[in-house]
Amino acid sequence: MLIDTFGRTIEYLRLSVTDRCDLRCVYCLPKDHKEFQEPDHWLTFDEIQRLIRLFSELGVSKIRITGGEPLVRRNLSQLIQQLSQLPKLQDLSLSTNALQLEKHAQALYQSGVSRLNISLDSLNPQRFKQITNGPLAQVLAGIMAAKQAGFSPIKINMVLMKGVNEDEVEAMVNFCIEHGFTLRFIETMPMGSTGQQAMQQYINLDTIRQQLEQRFNLIPTTMLGNGPARYLQVAHTKINIGFITPISQHFCETCNRVRLSVDGVLYLCLGQEHSLDLRLLLRQGLSDQELSQAILTAIADKPERHEFHEKPEQTIRFMSKTGG
């Protein structure tokens, strides 16, 4: 099993299949950003399948497919089918901005994706465009197509920003109650220049929780997930609200995840630069045993925690490069 030097068992891998995105969210990518990985630097589907097989043999049982926006990677369903056949994987999920989801939802469901996380930062079309530079109507159509295809649960992720969208908190809760979606609020993080600028609109989610407790009857819930959200349930509904708080209440002591970028770099911490270039090792012709040993050695180097508070300028790579 993959156990780091702090006793944490690594059982969850976030797999980026592209660093490209069809939106430009203000906290993620600059509008004019063009410094993407060249396609010959991307891991091929066969290389990805091999690495995920090795990770699963080392104890990783949960994979989330991310980007950038994963649905811009061609023939993604083909890769999902390959991964879904790995016997030791128990959970295969996907994060998306839903812009392309209407045309892909059914194929994703049939290919083996069990759950979706969908980014939705506003229900106001003009504001949504200001935040993402994209059309809200197309995103909502994608979300509803996923619901119709049978995905459950569907988790809606909302990054909250002071003076931008915090006045939509209750509306988003009601939207999720209406449609049966799980809702997670997320604090901004200083990832890259855009993330560091977005920290000017940072909101401590404890204030949002207190606000919601005045409007809704929130009760503790035992809902568990692969990620770091802490959940409360809206009484008399089946809806859970999660709070992801990397700044105000970090969850590093229970971190069970690593990230694999589209160019094969294994990132051991979202907020640190500790990494291993697995693409280089793959293309040098290492055996499965040698690759597995390299992964085990890297996990031993996983840092104890990020330093978003102490060194907010430290992580210069954009979130899309790291992978969700």
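### Focus on helix α10 (residues 288–299)
Okay, step 1: The terminal C-alpha atoms of α10, which comprises 12 residues, lie 17 Å apart, in line with the 16 Å expected from a rise of 1.5 Å per residue.
Okay, step 2: Inspection of α10 places Leu291, Ser292, Ala294, Ile295, Ala298 and Ile299 among the buried residues, and these make up the whole buried set. What you see down the axis of α10 is that its buried residues fit within an arc of 160°, all on one side. Across from the buried face of α10, at angles greater than 90 degrees, the exposed residues are Gln289 and Thr297.
Okay, step 3: In this fold, the buried residues of α10 make contact with α1 (45–57), β10 (257–260), β11 (265–267), β12 (275–277) and α9 (278–283).

### Let's talk about the pairing of strand β9 (residues 240–244)
On a regular strand, each side chain points to the face opposite its neighbour's, so the side chains alternate between the two faces of the sheet.
Okay, step 1: Most of β9 is tucked away: 5 of the 5 residues are buried.
Okay, step 2: Burial of the side chains of β9 extends over both faces: Asn240, Gly242 and Ile244 are buried on one face and Ile241 and Phe243 on the other.

### Comments concerning the state of the cysteines
Where two cysteines share a covalent bond between their sulfur atoms, that bond is called a disulfide.
Okay, step 1: Taken as a whole and judged by the stated rule, the model has 0 disulfides.
Okay, step 2: Residue Cys255 stays outside any disulfide, its sulfur separated by 6.8 Å from that of Cys269, the closest cysteine.
Okay, step 3: Under the relative-accessibility criterion, Cys255 is labelled buried at 12%.

### Details of the environment of Ala294
Okay, step 1: With respect to the helices and strands, Ala294 occurs in helix α10.
Okay, step 2: Excluding its chain neighbours within four sequence positions, the residues that come into contact with Ala294 are Leu276 and Leu281.

About the cut-offs
Residues numbered from 1 in each chain as written. Predicted model: local features only at pLDDT ≥ 70, side-chain atom pairs only at ≥ 80, totals over all residues. Heavy atoms only, no water. Helix = DSSP H or I, 4+ residues; strand = E, 2+ residues; numbered from the N terminus. Expected span 1.5 Å × (residues − 1). Buried < 20%, exposed > 50% of the residue type's maximum accessible area, 1.4 Å probe, protein only. Arc of directions from axis to C-beta. Contact = heavy atoms within 4.5 Å. Disulfide = S-S within 2.5 Å.

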